[in-house]
Each structure stands twice: as structure tokens, then as C-alpha cells.
Amino acid sequence: MPLSAHLFIGAALAQLIVTAVWRLASRRHSLPCPVWLRWMVELDNPFTKTNRAAFIVEQLGLEPGMSVLDAGCGPGRLTIPVAERIGPSGRVVAMDLQSGMLTRVAERTKAAGLTNVERLHAGLGDGILGHERFDRVLLVTVLGEIPNQAAALRELFEALRPGGILSVTEVIFDPHFQPRGRLTALAVAAGFHERAFFGHRLAYVMHFEKTGGREPFPLPDRGSAAVDRPEIIFQ
């Protein structure tokens, strides 16, 4: 067998071992993707359309001036295109447990010339996000990394404005993949209503809406309308 084949097999086995250990350890502790593996989440997966940044952003119905939370933002794969879409009058809060990931977000933000991104070093479920501050919330292959998922979703429900949308992306290649049924049960228990589903059971995007208070923000298939930017509580 050629040396290149041995190297490829060795690299594949190493990745499988890292993934398995990461999955098992996360059952007891919150273990997001390590900073040294950020390259795994910084680029789009070429095999799953629903996990690509452009696809996820396109379904959000973003408008200038919106306030968006990218929870578990990692190196900013979604943060950057969202910030570009909502413009300087909007605001993206890039939230992550790992300072190394937020450092990478800062580098990419500066390189893109963006001034509407704020970084928040924190985890979900701590109750620090405030009340009705966001129009959209993103959870991209993040939920399975959180030990207390119910508390995290309740906090996100509280942080969304009425009519706001929680967008959750899951893909089977992620070591913390969450099946649609489990995700839906958790979201409904937190107070959300299912709004839309894109993809299939192994790779999908789901939208959940916080209803009540006013008409929901329109998604792409229903037209669009600008909204006022809410006050931002993070500095």
C-alpha cells in the first residue's frame, strides 16, 4: 500500500478517535469544538447544503437594523455573513465559551471591515442574555454541546423578541448531532412553535418562532419589512 494511503487512513482514524472521545466526554461536561480544531468548523461542509453559511443566512429573512445572536459562534463562519447582511445599523452578538474562538472572530471582523459585531465570552443557560433583545438567534451544530439544553433554550426564548426566530442547524457529521424529534420536543417545551424545516433527517435547518405580542417577522417566502434595531446591552 502506498505511503499516501497509509497517511490518509491514519488521519481518518485519528479524526474518528477524536470525535468519539469528544462525544463521550461531552455527556458530562460542556466540550465545544476545541480551538485547535477550529478549521473543522470554519469552512463549509461540501457534502451538506443545509450546513452551508449562505444557505442558513438566506433562510433567515434578515433586514438592515436587526439584532442577531450567534450562539456558540466558533470562529465566526455565520457571524461575518450575518453582519454583512444586516448592515451597520444592525448588530451581531458573537457568543462563545472559548476566548480563542472569539479572538478569531475579532480577526475576521477586522479583516472584513465590519463594525457591527460584539463579542460575548459566555455560555448558554447562565441567564445573562436579557429580555427580548434579539430578532434572530442562530444555533449551528451547537445544541448537543450544552449539558443543560432545556435551560439554554428557555434563555434563548426569553432573549428573543416576540415574532423572533430561533434557527437551529444540525448535521449528522457533528459528534453532538441532535435528531429532529428531540430538538422539537425541547424547543416546544421552552415555549417555541415550529415554523419551518429545510433539508432531511440527517442534515437540516429548523426554525422555531416565539409567538405573541406582535406579527412575526417575515421569512423570505412571505416578503420582508425593515424593523427597528433594539437597544444592545453588551459592550
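Residues numbered from 1 in each chain as written. Predicted model: local features only at pLDDT ≥ 70, side-chain atom pairs only at ≥ 80, totals over all residues. Heavy atoms only, no water.

S.K.: Can you break down the packing of aromatic side chains residue by residue, with the values?
M.R.: A ring pair, where both rings are aromatic, is described by two values, the distance of the centres and the angle of the planes. By the definition in use, this model includes 4 aromatic pairs. Between Phe55 and Phe198 the ring centres are 6.1 Å apart and the planes differ by 85°, which places this aromatic pair in the edge-to-face class. With Phe55 in helix H3 (residues 53-58) and Phe198 in strand S6 (residues 193-200), the pair connects residues that are 143 residues apart, well separated along the chain. Accessibility expressed as a relative area gives 15% for Phe55, which makes it buried. Residues Phe157 and Phe192 carry aromatic rings whose centres are separated by 5.1 Å and whose planes lie at 85° to one another, so their mutual orientation is edge-to-face. In this pair, Phe157 sits in helix H6 (residues 149-159) while Phe192 sits in the loop between helix H7 (180-190) and S6, placing the two residues 35 residues apart along the sequence. In this structure, Phe157 and Phe192 share a single accessibility class: buried. Chaining the aromatic ring pairs together yields one cluster made of Phe177, Phe197 and Tyr204. The cationic tip of Arg180 hangs over the ring face of Phe197; the distance from NZ or CZ to the ring centre is 3.8 Å. Over the face of the ring belonging to Phe157 we find Lys210, whose NZ or CZ atom lies 4.9 Å from the ring centre. (Phe/Tyr/Trp six-rings, centres within 6.5 Å; stacked < 30°, edge-to-face > 60°. Helix = DSSP H or I, 4+ residues; strand = E, 2+ residues; numbered from the N terminus. Buried < 20%, exposed > 50% of the residue type's maximum accessible area, 1.4 Å probe, protein only. Lys NZ or Arg CZ within 6 Å of the ring centre and 35° of its normal.)

S.K.: Provide a residue-level description of the pairing of strand S5 (residues 160-171), including the pertinent values.
M.R.: Across the 12 residues of S5, 12 count as buried, placing the element largely inside the fold. Alignment of strand S4 (residues 134-140) against S5, held across 6 bridges, turns out to be parallel. Opposite Leu138, over in S5, you have Ser167 as the bridge partner. Regarding topology, H6 serves as the crossover connection from S4 to the parallel S5, and that connection is right-handed. Sheet topology places S5 next to strand S7 (residues 203-209); 7 bridges connect them, and they run antiparallel. Residue pairing in the sheet places Val171 in a bridge with Ala203 of S7. (Pairing = 2+ DSSP bridges. Right-handed = clockwise from strand over helix to strand, strands pointing away.)

S.K.: If you had to explain the nonpolar core to someone new, which residues and values would you point to?
M.R.: Counting 31 residues, the largest nonpolar core has Leu69, Leu124, Leu139, Leu156 and Leu166 as the members making the most contacts within it. Contact partners of Leu156, with chain neighbours within four places excluded, come to Leu69, Leu124, Leu129, Val137, Leu139, Leu166 and Phe192. Ranked by size, the runner-up nonpolar core spans 23 residues in total, among them Val57, Ile86, Ala94 and Val105. (Core = buried A, V, L, I, M, F, W, Y, C linked by side-chain atoms within 4.5 Å. Contact = heavy atoms within 4.5 Å.)

S.K.: How would you sum up a nonpolar patch on the surface? Please name residues and give values.
M.R.: Among the surface-exposed residues, Ile172, Phe173 and Leu202 lie close enough to one another that they form a single nonpolar patch of about 270 Å² accessible area. Mapped onto the elements of the fold, Leu202 is located in the loop between S6 and S7. (Patch = residues over 30% accessible without salt bridge, like charges linked within 9 Å, V, L, I, M, F, W, Y side chains within 5 Å. Areas by Shrake-Rupley, 256 points an atom, 1.4 Å probe, with all protein chains shown as cover. Salt bridge = Lys/Arg side-chain N within 4 Å of Asp/Glu carboxyl O.)

S.K.: Tell me what's going on with the side chain of Arg136, and back it up with residues and numbers.
M.R.: In this fold, Arg136 is placed in strand S4. Buried and unpaired, Arg136 has Asp135 as its nearest opposite-charge partner, separated by 6.1 Å. Separated by 2.7 Å, the side chain of Arg136 and the backbone oxygen of Leu60 make a polar contact. (Lys, Arg positive; Asp, Glu negative; His and termini not counted. Polar contact = N/O pair within 3.5 Å; in protein donor to acceptor, adjacent residues only side chain to side chain.)

S.K.: For the sheet that holds S4, give the residues involved together with the corresponding values.
M.R.: Sheet architecture is open: 7 strands sit in the order S3-S2-S1-S4-S5-S7-S6, paired in mixed fashion. Both outer strands of the open sheet, strand S3 (117-121) and S6, are each paired with one neighbouring strand and no more. Strand-to-strand twist across the sheet, computed as the mean angle between neighbouring axes with direction ignored, equals 15°. Where strand S1 (residues 67-71) and S4 come together, 4 bridges link them in parallel fashion. In the strand pairing of S4, Val68 is matched with Arg136. Docked against the sheet, helix H4 (residues 79-86) engages S1, strand S2 (91-96), S3 and S4, running at close to 165° with respect to S2. Along the sheet, H7 makes contact with S5, S6 and S7, crossing S7 at roughly 15°. (Axes fitted to C-alpha atoms, helices over the stretch in contact; angles between N-to-C directions.)

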